[in-house]
Amino acid sequence: MPLDPSQDNSAATPEAHLKAVQSLFIRNQTALRGLILGIVSDINRAEDVLQDVFFVITDKADSFKLGSNFLAWAMQIAKFRIMELTRADRAKGPSLTPDLIDQLVQSYKPNDKHEEMLQLLRDCIERLSPSARQFLTLRYHGRLKPAQISKDRGLAVETVYSVLSKTRAALRDCIQRRMKTAGGSR
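This section reports on the structure supplied with the text. (Residues numbered from 1 in each chain as written. Predicted model: local features only at pLDDT ≥ 70, side-chain atom pairs only at ≥ 80, totals over all residues. Heavy atoms only, no water.)

### Notes on the pattern of salt bridges
Evaluation of the coordinates by the stated rule reveals five salt bridges. Measuring nitrogen to oxygen at the nearest pair gives 2.8 Å for the salt bridge that ties lysine 79 to aspartate 102. Of the two residues, lysine 79 is situated in helix α3 (residues 70–89) and aspartate 102 in helix α4 (residues 98–107); the sequence distance between them amounts to 23 residues. On the basis of relative accessibility, which here comes to 8%, the residue lysine 79 falls in the buried class. A salt bridge links aspartate 123 to arginine 178; its shortest N-O distance comes to 3.6 Å. Placement of aspartate 123 in helix α5 (residues 114–127) and of arginine 178 in helix α8 (residues 157–184) is noted, with a sequence separation of 55 residues between them. A relative accessible area of 25% means that arginine 178 is categorised as partly exposed. Several salt bridges converge on common partners, so that one network encompasses Asp52, Arg81 and Glu84. (Salt bridge = Lys/Arg side-chain N within 4 Å of Asp/Glu carboxyl O. Helix = DSSP H or I, 4+ residues; strand = E, 2+ residues; numbered from the N terminus. Buried < 20%, exposed > 50% of the residue type's maximum accessible area, 1.4 Å probe, protein only.)

See below:
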């Protein structure tokens, strides 16, 4: 019988306990990513922090009591990892204080609709033309500025801005339409 991560099962094997804790991480990954991105604005650094949190959770899994509040435990691990990151950044300039980071973590309320919204966004991106998807990928995943995209593509920078603007508007409209459809079908 598989271990239910929401139940305390102190008789479980260490391997089953670790698997249950990792399963809880996967279920709560979106909320943790939202917390981290809210504090660490650089998406690459935020993903590094999330990955570090996973490693710490895996290392400390035996200290987590199944049936207790996993998200609160994981958020505390994230808080300390973010504090380490900002401590290292202090030499580069102003950064968040530990007290402020603590307040941000304490006030964070995960949005239950976040995963649903991400799925709507994915679905709407899939409906875009291949060209529009490529522009989005270059701008947001590749983190290229419109001027760099225009140079690489041999296009006027105004054209790139226009395509990105129209693409964002199409995504916004698609998401709003799908939310209305989903809301009306309940």
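### Describing the nonpolar core
Counting residues in each nonpolar core, the largest one holds 31 residues, and the members touching the most others are Val21, Ile36, Val53, Ile57 and Phe70. Within the residue set of this core, elements represented by two or more residues are α1 (14–39), α2 (43–59), α3 and α4. No other element matches α3, which puts 10 residues into this core. Apart from the residues lying within four places of it in its own chain, the contact partners of valine 53 are Phe25, Ile36, Ala74, Ile77, Ala78 and Arg81. (Core = buried A, V, L, I, M, F, W, Y, C linked by side-chain atoms within 4.5 Å. Contact = heavy atoms within 4.5 Å.)

### Digging into the packing of aromatic side chains
By the definition in use, this model includes five aromatic pairs. Each ring, one from phenylalanine 64 and one from phenylalanine 70, has its centre 5.4 Å from the other, and the planes form 85 degrees; the classification is edge-to-face. Relative accessible area serves as the criterion here: at 3%, phenylalanine 64 is assigned to the buried category. Using a relative accessible area of 4% as the deciding quantity, one classes phenylalanine 70 as buried. One cation-aromatic arrangement involves lysine 79 over phenylalanine 80; the distance from NZ or CZ to the ring centre is 4.8 Å. In this structure, arginine 153 is placed above the aromatic ring of phenylalanine 135, and the distance from its NZ or CZ to the ring centre is 6.0 Å. (Phe/Tyr/Trp six-rings, centres within 6.5 Å; stacked < 30°, edge-to-face > 60°. Lys NZ or Arg CZ within 6 Å of the ring centre and 35° of its normal.)

The values are spatial; any link to function lies outside them.
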